[in-house]
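Fold and geometry: a report
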Amino acid sequence: MSELKRITHFINGEYWNQPAQSTGDVYNPALGQVIGKVDFATVELVNHAVEVATNAQLEWRNSSLAKRTQVLFAFREILNSRKEEIAKLITAEHGKVLSDALGEVTRGQEVVEFACGIPHLLKGSYSEGASTSIDVYSIRQPLGVCAIISPFNFPAMVPMWFFPIAIAAGNSVIIKPSEKDPSAINLIAEFWKAAGLPDGVFNVVHGDKVAVDRLLEHPGVSSISFVGSTPIARYIYENGTKNGKRVQALGGAKNHMLVLPDADLDLAADAAVNAGFGSAGERCMAISALVAVEPIADALIAKIAERMSGLKTGDGTAESDMGPLVTAVHRDKVASFVDAGVREGAKLVVDGRNPKVNGAAEGFWLGPTLFDQVTPAMSIYQEEIFGPVLSVLRVKSYEEGLALINRHQYGNGTAIFTNDGGAARKFQNEVLVGMVGINVPIPVPTAYYSFGGWKNSLFGDTHAHGTEGVHFFTRGKVVTSRWLDPSHGGINLGFPQNR
Ligand code: NAD
């Protein structure tokens, strides 16, 4: 027990040095072993973090844009040169393969680079002479203390969707990362300190529901950016807004890939395998429902199954395509969906239960799994599985496929595979989903656009990063200004009119 790594809070520029009242186990999922203990925050500790963040923000918000940009650039350089260290921590606690972990840090870094342009992004507008001798201009100001509550599946990238912009805009942040893989964010906190960010502007509070609930209630917290499962996202949105906070809560997904008969089936099969099984299907943009417009289903499934036979499941530090699932509980839940699919009558084409793996026997393994003949009523179609399980649904027409996608409770990402530009354009216009790929299976928007789904995939009206992110982390003010000149004066109680 004494050899276990302790992962603790990072508040006011330093690690918390007092013992925790409660802790959680952190596993290496490829080994199936506990490798660390993460401290769980109490209500008092969250109160302390909010106080620290509040004080730090008062000064940070008044630092010049030039100063803030310098810190952002310095952070970007440190992150870029040390991203392998973060990737290794992610692989050790999440299980995804190293190249994938590195990819997530790189995608997060793009938001840091976007936030380096904050002086331009914060520019307001100015109307000289809106009325006689009166000028009107708009400015955007920071909110105060911004809380970020993140999921296990992207321990670096998802927090980076938010904090670079929040900090660049002059806020302070408190991050409550997933308790399953908490180490990456601590190293990021160290990078901020090394970059010259004043203590208390970036704080990490580890924990569970106790910490989250306190952040939702605390009057000193201005906004909540949440990413996780839909039931918790709904809870966060309802309680955060009830307490007067600005909330963006991104939830679960069931991403459909619609393949039209004219598509290149080899490219579509490659895409389905990459997007279905990358990161063991633990991506909010993973493809989990493939909708094949007949008569291509048999040919497409044969190509997908053939590619799946070459996938290596194993330890992310070794030569593997796909790592383990994050915990034993989650692996068992995903495996129980495979059981349910068989029970409900879907055809199991590739069975990932009891896979051959390149790793420890105790790891939380589940191999790539493929179902055919899935129908809309089945639980494997209705629910988010969040594992390496791809379901094929057969439809007779584009219209039938579109209607299926539009009826689903989730609307995070979707993709169409076709060589028909007109059909693709019709799809982008008609589909009720927030992020659309045309011959692109995982259409995660680049940092200067915004990331977010529709329907039960997002609560709140603001998506992450891009200009919507800047809007979320600032609030607008409009100033109407007149500098005294002798032509003014006199009494007039009428409503002011532009003259
Ligand atoms: P989760 O909802 O279990 O946890 C997310 C966060 O909420 C964690 O920090 C966790 O500690 C906290 N939490 C958990 N239970 C809570 C409770 N009862 N009260 C208050 N806080 C609680 O999600 P997860 O399993 O970590 O992540 C996977 C989920 O996240 C999937 O559903 C996936 O689709 C979703 N996700 C969505 C997006 C997106 O962009 N829409 C991105 C990544 C992940």
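Below is a summary of the structure that appears in this document. Only a predicted model underlies this, so the values are computations on that prediction, with no experimental measurement involved. (Residues numbered from 1 in each chain as written. Predicted model: local features only at pLDDT ≥ 70, side-chain atom pairs only at ≥ 80, totals over all residues. Heavy atoms only, no water.)

**Details of the side chain of Gln57**
Quick reminder of the rule: Secondary structure elements follow DSSP: runs of H or I of four or more residues count as helices, runs of E of two or more count as strands, with numbering from the N terminus. Per-residue accessibility, obtained with a 1.4 Å probe over protein chains only, is compared with the maximum for each type, and a residue is labelled buried under 20%, exposed over 50%, and partly exposed between these values. By definition, residues are in contact when any of their heavy atoms lie within 4.5 Å.
Inspection of the secondary structure puts Gln57 in helix H1 (residues 43-60). Residue Gln57 is classed as buried on the basis of its relative accessible area of 7%. Apart from the residues within four sequence positions on either side, Gln57 is in contact with Pro142, Gly144, Gly170, Asn171 and Ser172.

**Details of the packing of aromatic side chains**
Two numbers describe a pair of aromatic rings. These are the distance of the centres and the angle of the planes. Heads up, the rule is: Stacked, edge-to-face and tilted labels apply to pairs of Phe, Tyr and Trp rings (six-membered ring for Trp) whose centres lie within 6.5 Å, assigned for plane angles under 30 degrees, over 60, and everything in between, in that order.
Here the structure, examined in full by the defined rule, presents 13 aromatic pairs. An angle of 40° between the planes, with centres 6.0 Å apart, marks the rings of Trp192 and Phe202 as tilted. Of this pair, Trp192 sits in helix H7 (residues 183-195) while Phe202 is found in strand S10 (residues 202-204), placing the two residues 10 residues apart along the sequence. Residue classification places Phe202 among the buried positions, given a relative accessible area of 3%. Grouped by ring-pair contacts, the aromatic residues Phe75, Phe163, Trp192 and Phe202 constitute a single cluster.

**Details of H1**
To be explicit about the condition: Each residue after the first adds 1.5 Å to the expected span of a helix. The arc in question is the one traced by the directions running from the helix axis out to the C-beta atoms.
With 18 residues, H1 extends 25 Å between its outermost C-alpha atoms, agreeing within 8% with the 26 Å of an ideal straight helix rising 1.5 Å per residue. Taken as a whole, H1 has its buried residues at Leu45, Val46, Ala49, Val50, Val52, Ala53, Ala56, Gln57 and Trp60. Seen along its axis, H1 keeps its buried residues to an arc of 170°; they face one direction. Pointing more than 90 degrees away from the buried face of H1 are the exposed residues Glu44, Glu51, Leu58 and Glu59.

**Considering the pairing of strand S4 (residues 22-28)**
For a regular strand, side chains alternate in direction, first toward one face of the sheet and then toward the other. For clarity, the cut-off: Following DSSP output, two strands are said to pair if at least two bridges run between them.
Alignment of S4 against strand S5 (residues 33-40), held across 7 bridges, turns out to be antiparallel. Bridge pairing in S5 links Val26 to Gly36. Counting the residues that bridge the hairpin from S4 to S5 gives 4 residues, and of these Gly32 lies at a positive phi of roughly 70°.

**Quick look at the sheet that holds strand S7 (residues 134-142)**
Heads up, the rule is: Fitted lines through C-alpha atoms serve as axes, helices being fitted only where they are in contact, and the angles separating the N-to-C directions of these axes extend from 0 to 180 degrees.
Judged by pairing direction, the sheet is antiparallel, and its 3 strands sit side by side in the order S6-S7-S25 without closing on themselves. Looking at the sheet topology across the chains shown, the edges are occupied by strand S6 (126-131) and strand S25 (474-482). Averaged over all adjacent pairs, the angle separating strand axes in this sheet is 30°, with direction ignored. Pairing of S7 with S25 involves 9 bridges; the strand directions are antiparallel. Bridge pairing links Pro142 to Thr474 in S25.

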